[in-house]
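Understanding the architecture of this molecule
So the chains spell out like this:
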Amino acid sequence: MIKSEKEIVSEFFKIVRSGKEIERASEFMAETVVAHQVQAENEYSVTRSPQDYSNHVQEMLDEYGDFSLEIQEILADGAKVYVRWRQIGRNNSGKEIIEIASAVYLVENRKIVEYWIQIDRKGQELQKE
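For the structure given in this document, a descriptive report is provided here. (Residues numbered from 1 in each chain as written. Predicted model: local features only at pLDDT ≥ 70, side-chain atom pairs only at ≥ 80, totals over all residues. Heavy atoms only, no water.)

Things to note about the sheet that holds strand 6 (residues 111–119)
Here is the rule we go by: We treat two strands as partners when DSSP finds at least two bridges between them. Counting from the N terminus, the helices are DSSP H or I runs at least four residues long and the strands are E runs at least two residues long. All axes here are fitted lines through C-alpha atoms, helices being fitted over the stretch that makes contact, and every angle between N-to-C directions spans 0 to 180 degrees.
Pairing within the open sheet is mixed, and its six strands lie in the order 2-1-6-5-4-3. One side of each edge strand has no neighbouring strand; the edge strands of this open sheet are strand 2 (42–48) and strand 3 (68–77). Averaged over all pairs of adjacent strands, the angle between strand axes in this sheet comes to 20°, irrespective of strand direction. Sheet topology places strand 4 (residues 80–90) next to strand 5 (residues 96–108); 11 bridges connect them, and they run antiparallel. Bridging across to strand 5, Val81 finds its partner in Tyr105.

As for the pattern of salt bridges
So the rule is basically this: What makes a salt bridge here is a side-chain nitrogen of Lys or Arg within 4 Å of a carboxyl oxygen of Asp or Glu, nothing more. Burial classification: accessible surface area is computed with a 1.4 Å probe over protein chains only, and a residue below 20% of its type maximum counts as buried, one above 50% as exposed, and the rest as partly exposed.
Throughout the structure, instances matching the rule amount to six salt bridges. With a closest N to O distance of 3.0 Å, Arg84 and Glu73 form a salt bridge. Within this pair, whereas Arg84 is found in strand 4, its partner Glu73 is found in strand 3, the two being separated by 11 residues in sequence. Relative accessible area serves as the criterion here: at 29%, Glu73 is assigned to the partly exposed category. The network of salt bridges with shared partners includes Glu21, Arg24 and Glu27.

Points about helix 2 (residues 50–64)
Definition in use: Any helix carries an expected span of 1.5 Å times its number of residues minus one. The directions from the helix axis to the C-beta atoms form the arc being described.
Spanning 15 residues, helix 2 covers 21 Å between terminal C-alpha atoms, matching the ideal 21 Å at 1.5 Å per step. Along helix 2, the positions that sit buried rather than exposed are Pro50, Tyr53, Ser54, Val57, Met60, Leu61 and Tyr64. What you see down the axis of helix 2 is that its buried residues fit within an arc of 115°, all on one side. In this structure, helix 2 carries Glu59 and Asp62 as exposed residues pointing more than 90 degrees from its buried face.

Things to note about the nonpolar core
Worth spelling out the cut-off: For the purposes of this section, nonpolar cores are sets of buried Ala, Val, Leu, Ile, Met, Phe, Trp, Tyr and Cys residues that join through side-chain atoms within 4.5 Å.
Ranked by internal contacts, the top residues of the largest apolar core, which has 28 residues, are Val9, Phe12, Val83, Trp85, Tyr105, Ile112 and Tyr115. Secondary structure elements with two or more residues in this core: helix 1 (5–17), strand 1 (29–39), helix 2, strand 4, strand 5 and strand 6. The biggest single contributor to this core is helix 1, with six residues.

This is a description of form; function is not addressed.
Given below as structure tokens:
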């Protein structure tokens, strides 16, 4: 059965981004994915392989433990899928850390090829104090 772009991104979140089966990133991501990010109002892009992305999620697991991830909204418009989520983990001292973020994913040939992400980094920073 052919899956829609929205179904592909939803499954990617449930399986890979959630930290449950990070080794499966290549099932959902192209060999190279362009990630557009914003940090302190500075826009920049990085290129990631599925293995790079798996390593990135592993870093989150190392920092926050087995976190919970809830998709709060997911919308699709053709090949682009918007996702807003809430992630809750705990730092090394056991303090709860909440991440609110959203991204738009571009899916081509049933793989994520590009995304634009925004994370409430200031909120994360204030929680770490």
